[in-house]
Amino acid sequence: MTSSQTSKKQDLPATAWAVLGMLSFPGERTGYELKKWADSSLRFFYWSPAISQIYAELRRLEELGYAASARSGPEEARAKRRYAITDTGRAALAGWASDTAEAGPPVLKHGLLLRIWLGHLAEPGMLRAMVGEHLERTRGELAAVRQAMAQAGEVAEWAFPVLALRWSERQHLAELELGEALLADLAELAAAGTKALAEAPEAAPPGAPAADRQGGGDAPTPG
C-alpha cells in the first residue's frame with residue numbers, strides 16, 4: 001500500500017467502512033442492493049446512509065483498491081454495476097474492525113426527549129400524544145428488527161449480524177419500557193401541577209414582580 005493510500009485510509013469515515021463491511025459478506029452487490037440491506041440491518045443499530053452516499057463511498061473504495069466492480073452482461077435487460085471487496089480491502093477492513101480505539105462511545109440524539117426537555121412550552125396533552133406516537137413507531141421498528149433477524153438467521157455467514165440485530169431487539173424493548181415510564185412521569189407531573197394550582201394563593205396584582213423560579217438565574221443543574 002502506498003503512502004497516499006495509507007493517508008486516505010486514515011481519513012475514511014465510518015460510512016465507508018460500513019459499506020465495505022457489507023461487501024465483506026459472500027456475493028457481489030449493486031449499490032441499490034447495499035441500500036436495501038442497510039435499511040433492513042444497519043439502521044437498527046447504526047444508521048442507513050442515503051443511496052447517494054453509498055455510491056460515493058463505493059467510488060472512493062474503488063479508488064483505494066478496496067473494492068472492484070463490473071457491469072453485467074447483455075443477458076440482463078438493464079445493465080447493473082456489481083461491487084465486490086478485494087483482498088486489500090478485506091485486510092484493511094479487518095484492521096479497522098479490530099481497532100477498538102476507533103469505536104468510540106455511542107451517541108444518543110433523541111428528538112422526543114429534546115421536546116420533553118422543552119415541555120414547559122408545550123401543552124401536556126401534546127406531549128403525551130408525542131410519546132404515544134413514539135411508542136407505536138418503536139413497536140413497528142421492533143417488528144422489523146425481528147423480521148430481519150429471522151431472515152438473517154437462515155444464512156450461516158450472517159451469524160454476527162444476527163447478534164447485532166439481537167442487541168437491537170433488546171434496545172427497542174428497553175425503549176418501549178422507557179416510553180411507558182415517561183408517560184407515567186408526565187401523568188405524575190400533570191397531577192402535581194393540578195394540585196399546586198388548587199393550593200396556590202391568589203394571583204399577584206398586575207405589575208408585581210414574578211417569583212424567581214431559577215435561583216437567581218442559575219441553571220437548574222449543578223456545575
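Structural notes, computed from the coordinates. (Residues numbered from 1 in each chain as written. Predicted model: local features only at pLDDT ≥ 70, side-chain atom pairs only at ≥ 80, totals over all residues. Heavy atoms only, no water.)

### Observations regarding the overall build of the protein
- A tally of regular secondary structure across the protein gives eight helices and two strands.
- Its helices and strands taken in sequence order, the protein reads α-α-α-α-β-β-α-α-α-α from the N to the C terminus.
- Counting over 223 residues, the protein shows a buried share of 28%.
- Partitioning the intrachain contacts of the protein with sequence separation of at least 6 by distance along the chain shows that 59% fall at a separation of at least 24.
- For the protein, the accessible area works out to roughly 15100 Å², and carbon and sulfur atoms hold 58% of it. (Helix = DSSP H or I, 4+ residues; strand = E, 2+ residues; numbered from the N terminus. Buried < 20%, exposed > 50% of the residue type's maximum accessible area, 1.4 Å probe, protein only. Contact = heavy atoms within 4.5 Å. Areas by Shrake-Rupley, 256 points an atom, 1.4 Å probe, with all protein chains shown as cover.)

### Some words on the packing of helix α2 (residues 14-23) against helix α5 (residues 87-97)
- Two numbers describe how α2 lies on α5: the axes approach to 10 Å, and their chain directions differ by 120°. Between α2 and α5, the angle is such that the two are oblique. Between α2 and α5 lies a crossing of left-handed hand. Facing Trp17, Leu20 and Gly21 of α2, the residues of α5 in contact are Gly89, Ala92, Leu93 and Trp96.
- Tallied by class, the residues present in the contact of α2 with α5 amount to five nonpolar, two polar and no charged. (Axes fitted to C-alpha atoms, helices over the stretch in contact; angles between N-to-C directions. Parallel < 35°, antiparallel > 145°, perpendicular 65-115°, else oblique. Left-handed = near helix turned anticlockwise from the far one by under 90°. Nonpolar A, V, L, I, M, F, W, Y, C, P; charged D, E, K, R; others polar.)

### Overview of the side chain of Ser48
- Of note, Ser48 is situated in the loop between α3 (31-39) and α4 (51-64).
- Overall, the relative accessible area of 18% leaves Ser48 in the buried class.
- Engagement of the side chain of Ser48 in a polar contact is seen with the side chain of Lys35, the distance being 3.1 Å.
- Polar contacts involving the side chain of Ser48 include one to the side chain of Asp39, which spans 2.5 Å.
- Excluding its chain neighbours within four sequence positions, the residues that come into contact with Ser48 are Lys35, Ala38, Asp39 and Arg43. (Polar contact = N/O pair within 3.5 Å; in protein donor to acceptor, adjacent residues only side chain to side chain.)

### Here we look at the packing of α2 against α3
- Orientation of α2 relative to α3, taken along the N-to-C sense of each, is 100°, at an axis distance of 11 Å. The orientation of α2 relative to α3 falls into the category roughly perpendicular. On the side of α2, the interface is formed by Val19, Met22 and Leu23, while α3 contributes Leu34, Trp37 and Ala38.
- For the contact of α2 with α3, a count of residues per class yields six nonpolar, no polar and no charged.

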